[in-house]
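# Summary of the model geometry
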Amino acid sequence: MTVPEHLHINGRTEDQSFTEDDQLYRSYTFEEYDFLEDSIKTETVKFPDFSCNWNRYSEPVDVRYRLNGRKTDGCYSFNVTTARYKKIATSVHDPIDHPEYPNYSHTEIRVCRETDPPNFVPPKNRKLKSKSKKLAYRENMVNNLSIEIKASK
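The following refers to the structure shown. Here the structure is a predicted model, which is why all the values come from computation and not from measurement.

### Re the packing of aromatic side chains
A complete count under the given rule lists 11 aromatic pairs for this structure. Sitting above the plane of the Tyr104 ring, Arg12 keeps its charged end 3.8 Å from the centroid.

Structure, rendered in structure tokens:
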């Protein structure tokens, strides 16, 4: 698959100016969909440090243009407010400068700490030790996402 030009870095730098209503796009597979609940399976929501695309710089279909991306992948969306649920995590614009799969819209959802100052950009690989907070975060995500593209087999 040829990566669309709008996903190329083209000299652009990081942009942390998220608004609460900005949408984030996440890919999912057919197996991650719960047909009984008509949503994504809670246990398949990865957290923390999961990747998304930011709607300011991409479209839902763009989640397929990544290493290991497939034409059968679906896409769901959620807003930045959902990503910041109970100040457990936040959105961090983290463009990927890959030779075959560049992605300027790439965003990670990273763990926040109560001691983090406002507008702090958390580092990668922070851990969240509380299993109950992780589950609550995942459940909130499932309850507030929208399916943009249905995955197929």
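Right, picking up where we left off after that structure.
### Considering helix α2 (residues 131-144)
Its 14 residues give α2 an end-to-end C-alpha distance of 20 Å, which sits within 8% of 20 Å, the value for a rise of 1.5 Å per residue. The complete set of buried residues in α2 reads Tyr137, Asn140, Met141 and Val142. Residues of α2 that are buried sit in contact with β3 (39-40), β4 (50-54), β5 (74-79), α1 (80-83), β6 (89-93) and β7 (106-111).

### A closer look at unusual backbone geometry
Outside of glycine, negative phi angles account for most residues, and trans bonds account for most peptide bonds. The peptide bond linking Phe47 to Pro48 adopts the cis configuration, its omega dihedral lying at 0 degrees. Of note, Pro48 is situated in the loop between β3 and β4. Of note, the phi angle at Asp49 is positive, near 55 degrees, even though the residue is not glycine. Among the structural elements, Asp49 can be located in the loop between β3 and β4. Using a relative accessible area of 22% as the deciding quantity, one classes Asp49 as partly exposed. If you check the backbone angles, Lys87 has positive phi at about 60 degrees while not being a glycine. The topology assignment puts Lys87 in the loop between α1 and β6.

### Some details on the pattern of salt bridges
Summed over all chains, the structure comprises 10 salt bridges. Residues Arg56 and Asp15 are paired through a salt bridge, measuring 3.2 Å at the closest nitrogen-oxygen approach. Note that Arg56 is positioned in the loop between β4 and β5 and Asp15 in the segment before β1 (23-28), a separation of 41 residues in sequence. Residue classification places Arg56 among the partly exposed residues on the basis of a relative accessible area of 34%. Of the residues examined, Asp15 reaches a relative accessible area of 14% and is grouped as buried. Its salt-bridge partner being Asp94, residue Arg110 comes within 3.3 Å of it at the nearest N-O pair. In this pair, Arg110 is assigned in strand β7 and Asp94 in the loop between β6 and β7, connecting sequence segments 16 residues apart. Given the relative accessible area of 6%, Arg110 is considered buried. Residue Asp94 is classed as buried on the basis of its relative accessible area of 13%. One network of salt bridges, in which partners are shared, links Asp94, Glu108, Arg110 and Lys124.

Reading the values: rules and limits
Residues numbered from 1 in each chain as written. Predicted model: local features only at pLDDT ≥ 70, side-chain atom pairs only at ≥ 80, totals over all residues. Heavy atoms only, no water. Phe/Tyr/Trp six-rings, centres within 6.5 Å; stacked < 30°, edge-to-face > 60°. Lys NZ or Arg CZ within 6 Å of the ring centre and 35° of its normal. Helix = DSSP H or I, 4+ residues; strand = E, 2+ residues; numbered from the N terminus. Expected span 1.5 Å × (residues − 1). Buried < 20%, exposed > 50% of the residue type's maximum accessible area, 1.4 Å probe, protein only. Contact = heavy atoms within 4.5 Å. Salt bridge = Lys/Arg side-chain N within 4 Å of Asp/Glu carboxyl O.

Just geometry here; none of it tells us what the structure is for.
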